[in-house]
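The residues making up each chain are set out below.
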Amino acid sequence: MHTKSLTELAAALNSGTVSSVELTQAFLERITALDPKFNSFITTTPEIALEQAKAADAARASGRAGDYTGLPIAHKDLFCTEGVRTSCGSKMLDNFESPYDATVVAKFKAAGAVMLGKTNMDEFAMGSSNESSFYGACRNPWDTQRVPGGSSGGSAAAVAARLTPAATGSDTGGSIRQPAALCGITGIKPTYGRVSRYGMVAYASSLDQGGPMAQTAEDCALMLNVMAGFDKMDSTSAQRDAEDYRAKLNDSIAGLRIGIPKEYLSDDLDPQIAERVQAAIRELETLGASVKEISLPRTRMSIPAYYIIAPAEASSNLSRFDGVRYGHRCDNPKDLMDLYTRTRQEGFGAEVKRRIMVGTYALCAGYYDAYYNKAQQIRRLIQQDFLAAFNEVDVILGPTTPHPAFKLGEKSNDPVSMYMEDIFTLSLNLAGLPGMSVPCGTVSGLPVGLQLIGNYFDEAKLLNVAHQFQQVTDWHKHAPTGI
Amino acid sequence: MEWETVIGLEIHVQLSTQTKIFSGASTAFGAEPNTQACAVDLALPGTLPVFNENAQRMAIMFGLAINAEIGKRAVFERKNYFYPDLPKGYQTTQLERPVVGEGYVDITTEDGSRRVRIHHAHLEEDAGKSLHEDFHGMSGIDLNRAGTPLIEIVSEPDMRSSKEAAEYARKIHAIVTTLGICDGNMAEGSMRCDCNVSVRPKGQQEYGTRTELKNINSFRFIERAIDTEVARQIDLIEDGGKVVQETRLYDPDRNETRSMRSKEDANDYRYFPCPDLLPVVVDDSYIEAIRATLPELPDARRERFISDYNLSEYDAGVLSAYRPQADYYEAVVASSSDAKLAANWVMGELAKNLNATDIDIRECPVSAEQLGGLLQRIKDNTISGNIAKKVFEHMWSDGGSADEIIEAKGLKQVTDTGAIEKVIDEVIAKAGPQVEQYKAAEPDKRGKMIGFFMGQVMKATGGKANPGAVTGLLKQKLDALCD
């Protein structure tokens, strides 16, 4: 049962071959048995899960079941959950229980979902390896000596280990797509503004976007149907009508124009990953898509631009963690300054402090134009690159990451080389475009991901292409050994 | 040496919206601490601001009232600094693109008229309050005020005396209360003033070093604080010292200013555009629709009072400065049909009672119609002005119409000449010596001597005799004795 996709489980619930309570118990048991190896959950919520499962079964019995009723979900631990700790992977919020639900959480609740728990993540979503979590590194189920990627590493690992069929993630510079690629699952970062950010603890407000992580594109579509939509509580959420992301999954992709950025297949890329991507392209060509080379010349500039803008926003967003109202507070502060400095010194980890300092520096009077303004200009240029490309092609395709999962500790003392892992994913966040990662093979037994990039609000098209790809490949069905 | 004072004001005006600028919490004053602070005001993790459009409308009303350019694309920025009553660690405000651009107001003092230019006015959120008493060496934080919408009105350094500064502040007060965008209650902090003060030798072009006097909340204190600070600066310079650019606090109890912090301690606020809020874009039709709702402004109303009601400039200025008072006055005019009498009463007896009891005219126990009815009885000689004051006192404390009170208290003026003649005859009969003096006096001196007889008649009638009738009859009867 646990290996089934979300869509298959939905069918099983509908046909009555399994109840939500049985399903929930099965996944809770798996988490108890297996997660000590992976550390993909920070908090599990068995009581809530079973209660919600019972309610879901009752709803189904009385004919009130929706598409998601009774299906499990795990939330990345930056989505606020009423009455359940929301830690953001940080000591700072180790004791924090939100008095309200994030919009995404509320939507899943309203849809009848069953919350299994809260997943591990890089502290405040800052990282590409999940190693910066206060709760310890999460491990890649394909090789527990390796990282699952980050920052949504716990969500990716939990889905890969089949501890949950679905998990929410958030993506500021690749935090859904990169771990999805490294863990061999499917994940989509929607267009900025498509999924409400209300209640999702902010890292970099202009880049953050929540999204689904699951085994297949079809599963992601089912989840996105729950998650997406305008929210008046989030002024940056898009005022667009809801759409059914499953409606076009089975459309033919004959005639689809695919662009391959030549910058994405550069020397930095692991040649074996390049080969897997080429193979994926050939599959899509057999489905009738045409391929052409395009150029996104400003790709390399996305890393410096991102590492100005994201830390700048983060330095301000994280100012609220001051020990005054909630969260960690140092013992016996001797005055106000001592309260601030020790609280933040003790509450934040090294990577968070690094980014707060970088961001604070970049916003200082005298440096603002050289850094922040310049980065915003680069951001506009990167967006223009993409828009020019979308005049010629329907989707852009390339690798999600330059390498497969690296070893724990391998890059933790070299932040820049860690940052380079996000070279293919960052630019989409800067442009606000939707992107997804789909499993497209393995390298030395480790999964690698194919990244699909769409024009604004073209999530349905990305899901369609990914679903069609998954009809002729089975990489998404591969699970780590022993799972 | 002769010195010139240069003053610029920054006035914070709390807008009278029902809810806060970025949240749905109430803005009502005086609630129990922290009962009007919602998740957004507490800056709980994950919360986001939603801009209250009413604040935008009110700010534009102000802009139109001071003949300013309206910012068609206003941008909120974050002003970053740590303080316990600033929950997010930044204040959301406007910097580069404020809602109101350059404008002006005209003021008049005994030294003549002056146009004070306004550099701009911007929207921002108020902070909470730190409470330093009753917490055993710690501080309490009340966030009820956090997020109350403010416009900060920044003048050019165009004022040259404390009187002008106070008059400018009064004019701003008159405008915002007339517009109905602020309750004008300075004691509750609805309008607070920072005064930038410097001195320079008369004739010198460049400005002296300025100090900023913070948070002054009455017109009288504006004058006194500036006078005190100007004297301090002049003394300092004349003693060979230098004014230091700093923020100072005015202590009204000691009538002195004290240093709060110097420029060296100033924060680098690391302003940057708030990524959680979209630019506020308005078009001409939106602005014109607001213009159409503007009430008559104080300047226009003063002019109309002069031309329509024949009031002096002074009376017209006083009566038009505060909209509830101006409205009240016009209602009294309407029900009494005597503009001059109404002006005397509203500025005299009524204002005296309001001041003595510290009651705002909007809560005045005597309605405009009641007062108008009273004035009618003066006009038609039912009662004298002095009796009217007694009637007014009854009205103030016990209510009732003028007619009811006059009837119940038997205060109706005696106009029956027969009855008055009878009293006069008695008075003359008892006042032999005074009658002899009257007869002996030169005819042109006699007029003044009537006062004594008048007083006796009024005493005998309990003040109810019609003074006009008494004067005429007295003169007639006394003069008859002289022939």
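This one's a predicted model, so the numbers in the text were calculated from it and none came from an experiment.

## Focus: the overall build of chain B
Next, step 1: Scanning chain B from terminus to terminus reveals 15 helices and 15 strands.
Next, step 2: Whereas a compact globule of 483 residues would reach a radius of gyration of roughly 23 Å, chain B reaches 30 Å, over 25% beyond that.
Next, step 3: On the principal axes, the C-alpha backbone points of chain B span a range of 95 × 55 × 55 Å.
Next, step 4: Expressed as a percentage of its 483 residues, the buried residues of chain B come to 41%.
Next, step 5: Once local pairs closer than 6 in sequence are excluded, the contacts in chain B between residues at least 24 apart make up 69%.

## What to know about the overall build of chain A
Next, step 1: The number of helices and strands found in chain A is 15 helices and eleven strands.
Next, step 2: For chain A, the C-alpha radius of gyration of 21 Å lies close to 23 Å, the compact-globule estimate for 483 residues.
Next, step 3: The C-alpha extent of chain A, read off along each of the three principal axes, is 65 × 55 × 45 Å.

## Thoughts on the sheet that holds strand 3 (residues 76–80) of chain B
Residue and element names in this part refer to chain B.
Next, step 1: Ordered in space as 4-3-14, the three strands form an open sheet in which the pairing is antiparallel. Across the chains shown, the open sheet's two edge strands, defined by having one partner strand only, are strand 4 (90–94) and strand 14 (272–273).
Next, step 2: Pairing of strand 3 with strand 4, which is carried by five bridges, proceeds in the antiparallel orientation. Counted as the bridge partner of Lys79 is Gln91 from strand 4.

## Notes on the packing of helix 14 (residues 446–460) of chain B against helix 15 (residues 467–482) of chain B
Residues and elements named next belong to chain B.
Next, step 1: At their nearest, the axes of helix 14 and helix 15 sit 10 Å apart, and the two run at 125 degrees to each other. By the angle between their directions, the pair helix 14 and helix 15 is classed as oblique. Crossing geometry of helix 14 relative to helix 15 is assigned as right-handed. Only Val470, Thr471, Leu474 and Lys475 of helix 15 make contact with helix 14, whose side of the interface consists of Ile450, Phe453, Met454 and Val457.
Next, step 2: For the contact of helix 14 with helix 15, the per-class residue count stands at six nonpolar, one polar and one charged.

## A short note on the domain arrangement of chain B
How big an interface is tends to be stated in terms of the accessible area lost upon association of its parts.
Next, step 1: Each domain of chain B was delimited in the assignment, giving domain 1 (3–286), domain 2 (298–409) and domain 3 (417–482).
Next, step 2: Centre-to-centre, using C-alpha coordinates, domain 1 of chain B lies 64 Å away from domain 3 of chain B.

## Some words on the pairing of strand 5 (residues 103–109) of chain B
Residue and element names in this part refer to chain B.
Next, step 1: The sheet contact formed by strand 5 and strand 6 (residues 112–125) spans seven bridges and is antiparallel. Bridging from a neighbouring strand, Asp106 pairs with Arg115 of strand 6.
Next, step 2: Taking the residues between adjacent antiparallel strands as the criterion, strand 5 and strand 6 are bridged by two residues.

## Section: the pairing of strand 6 (residues 210–214) of chain A
Residues and elements named next belong to chain A.
Next, step 1: Within strand 6, five of the five residues are buried, which leaves it mostly tucked inside the rest of the structure.
Next, step 2: Two strands pair when backbone bridges link them, and strand 4 (residues 166–170) and strand 6 are joined in this way by five bridges, in the antiparallel orientation. Paired with Ser170 across the two strands is Gly210, which belongs to strand 6.
Next, step 3: Strand direction decides the pairing type here: strand 5 (residues 186–189) and strand 6, joined by two bridges, are antiparallel. Its bridge partner being in strand 6, Gly187 is matched across the sheet by Met213.

## Description of the nonpolar core
Residue and element names in this part refer to chain B.
Next, step 1: Counting residues in hydrophobic clusters, the biggest one holds 245 residues, and the most contacted among them are Phe62, Cys195 and Val391.
Next, step 2: Apart from residues no more than four positions distant in its own chain, Cys195 is found in contact with Ile7, Leu9, Ala165, Leu213, Ile216, Ile222, Ala225 and Ile226.
Next, step 3: Residues Ile424, Phe453, Ala465 and Val470 belong to the second largest nonpolar core, which totals nine residues.

## Description of the environment of Pro87(B)
Next, step 1: Take Pro87(B): it is sitting in the loop between strand 3 and strand 4.
Next, step 2: Looking at Pro87(B), the number of C-beta atoms within 10 Å reads 25, which means it is buried.
Next, step 3: Discounting chain neighbours no more than four positions away, the residues touching Pro87(B) are Arg320(A), Arg325(A), Asp41(B), Leu42(B), Ala43(B), Gly128(B), Leu143(B) and Ala146(B).

## Observations concerning unusual backbone geometry
Next, step 1: At the junction of Gly150(A) and Ser151(A), the peptide bond is cis and its omega measures out at 5 degrees in the coordinates.
Next, step 2: Mapped onto the elements, Ser151(A) comes out in the loop between strand 3 (114–119) and helix 5 (153–160).
Next, step 3: Here the phi dihedral of Ala43(B) falls at roughly 55 degrees; this positive angle occurs in a residue that is not glycine.
Next, step 4: Here Ala43(B) lies in the loop between strand 1 (3–14) and helix 1 (53–65).
Next, step 5: Taking the number of C-beta atoms within 10 Å as the measure of exposure, Ala43(B) has 25 and is therefore buried.
Next, step 6: For Asn255(B), which is not glycine, the phi dihedral falls at a positive 50 degrees.

## Things to note about the interface of chain A and chain B
Next, step 1: Contact residues are listed per partner, giving 35 residues for chain A and 26 residues for chain B.
Next, step 2: Those elements that place two or more of their residues in the side of chain A that touches chain B are helix 9 (302–317), helix 10 (336–347) and helix 11 (350–363) of chain A.
Next, step 3: It is helix 9 of chain A that contributes the most residues to the side of chain A that touches chain B, three residues altogether.
Next, step 4: Its residues assigned to classes, the side of chain A that touches chain B comprises 18 nonpolar, ten polar and seven charged.

## Some points on the packing of helix 12 (residues 417–430) of chain B against helix 14 of chain B
Residue and element names in this part refer to chain B.
Next, step 1: Two elements in contact, helix 12 and helix 14, have axes separated by 10 Å at closest approach and are oriented at 125 degrees. With respect to each other, helix 12 and helix 14 are oriented oblique. Our pair here, helix 12 against helix 14, has a crossing hand that is right-handed. Contacts between helix 12 and helix 14 involve Val423, Ile424 and Val427 on the former and, on the latter, Phe453, Gln456, Val457 and Ala460.

## Details of the sheet that holds strand 12 (residues 246–251) of chain B
All names here are of chain B.
Next, step 1: The eight strands are arranged 5-6-9-1-10-11-12-13 in an open sheet whose pairing can be described as mixed. Of all the strands in the sheet, the pair left with one neighbour each is strand 5 and strand 13 (256–262). Averaged over neighbouring strand pairs, the angle between their axes works out to 30 degrees when direction is ignored.
Next, step 2: Pairing of strand 12 with strand 13 involves six bridges; the strand directions are antiparallel. Following the sheet pairing, Glu246 is matched in strand 13 by Ser262.
Next, step 3: Set on the sheet, helix 2 (residues 162–179) makes contact with strand 1, strand 5, strand 6, strand 9 (149–155) and strand 10 (191–201); between it and strand 5 the angle comes to about 120 degrees.
Next, step 4: Helix 3 (residues 219–238) contacts strand 1, strand 10, strand 11 (211–216), strand 12 and strand 13 of the sheet and is inclined by roughly 30 degrees relative to strand 10.

## Brief notes about the environment of Ala68(B)
Residues and elements named next belong to chain B.
Next, step 1: Following the sequence through the fold, Ala68 ends up in the loop between helix 1 and strand 2 (73–74).
Next, step 2: Separated by 32 residues in the primary sequence, Ala68 and Val100 place their C-alpha atoms 6.4 Å from one another.
Next, step 3: Residues in contact with Ala68, not counting those within four places in the same chain, are Gly63, Val100, Gly101, Glu102, Gly103 and Ile118.

## So, helix 8 (residues 339–357) of chain B
Working note: α-helix, 3.6 residues per turn, so residues spaced by three or four point in the same direction.
All names here are of chain B.
Next, step 1: Here helix 8 contains 19 residues, and its C-alpha end-to-end distance of 25 Å stays within 8% of the 27 Å for a straight helix at 1.5 Å per residue.
Next, step 2: Its axis deflected by about 40 degrees at Ala351, helix 8 carries its strongest bend there.
Next, step 3: All buried positions along helix 8 are accounted for by Ala339, Leu341, Ala342, Ala343, Trp345, Val346 and Leu350.
Next, step 4: Backbone geometry just after helix 8 places Asp358 at a positive phi near 60 degrees.

## Topic: helix 10 of chain A
Residues and elements named next belong to chain A.
Next, step 1: Compared with the 16 Å implied by 1.5 Å per residue over twelve residues, the 16 Å span of helix 10 between its first and last C-alpha is a close match.
Next, step 2: Of the positions making up helix 10, those classed as buried are Tyr340, Thr343, Arg344 and Gly347. Taken end-on, helix 10 shows its buried residues confined to a sector of 90 degrees, consistent with a single buried face. Those residues of helix 10 that are exposed and aimed more than 90 degrees away from the buried face are Met337, Asp338 and Gln345.

Calculation rules
- In this numbering scheme, every chain counts its residues from 1 along its sequence in written order.
- The lettering of chains begins at A and the numbering of ligands begins at 1, in the order of writing.
- This being a predicted model, a pLDDT of at least 70 is required before a residue's local features are given, and a value of 80 or more before pairs of side-chain atoms are given or counted; all residues contribute to the totals for chains, interfaces and linings.
- The way it works is that DSSP assigns letters per residue, a run of H or I at least four long becomes a helix, a run of E at least two long becomes a strand, and they are numbered from the N terminus.
- Taken over C-alpha atoms, the radius of gyration is set against a globule rule of 2.2 Å times the number of residues to the power 0.38.
- The exposure scheme places C-beta atoms from the backbone and then counts, for each residue, the other C-beta atoms within 10 Å of its own, assigning buried at 20 or more, exposed at 12 or fewer, and partly exposed in between.
- The contact criterion used is a C-beta to C-beta distance within 7 Å, with each C-beta placed from the backbone.
- At least two DSSP bridges between two strands are needed for those strands to be called paired.
- All axes here are fitted lines through C-alpha atoms, helices being fitted over the stretch that makes contact, and every angle between N-to-C directions spans 0 to 180 degrees.
- Working rule for angles: under 35 degrees goes down as roughly parallel, over 145 as roughly antiparallel, 65 to 115 as roughly perpendicular, anything else as oblique.
- For any helix crossing, the convention is left-handed if the near helix is rotated counterclockwise from the far helix by under a right angle, and right-handed if that rotation is clockwise.
- Asp, Glu, Lys and Arg are counted as charged, while Ala, Val, Leu, Ile, Met, Phe, Trp, Tyr, Cys and Pro are counted as nonpolar; the rest, among them Gly, fall into the polar class.
- In this entry, domain limits derive from an automatic or database-based domain assignment.
- The term nonpolar core refers to a group of buried residues, namely Ala, Val, Leu, Ile, Met, Phe, Trp, Tyr and Cys, whose C-beta atoms join them within 7 Å.
- The span one expects for a helix is its residue count, reduced by one, times 1.5 Å.
- Fitting axes to the seven residues ending at a residue and to the seven starting there, one defines the bend at that residue as the angle between these axes.
- The arc in question is the one spanned by the directions pointing from the helix axis to the C-beta atoms.

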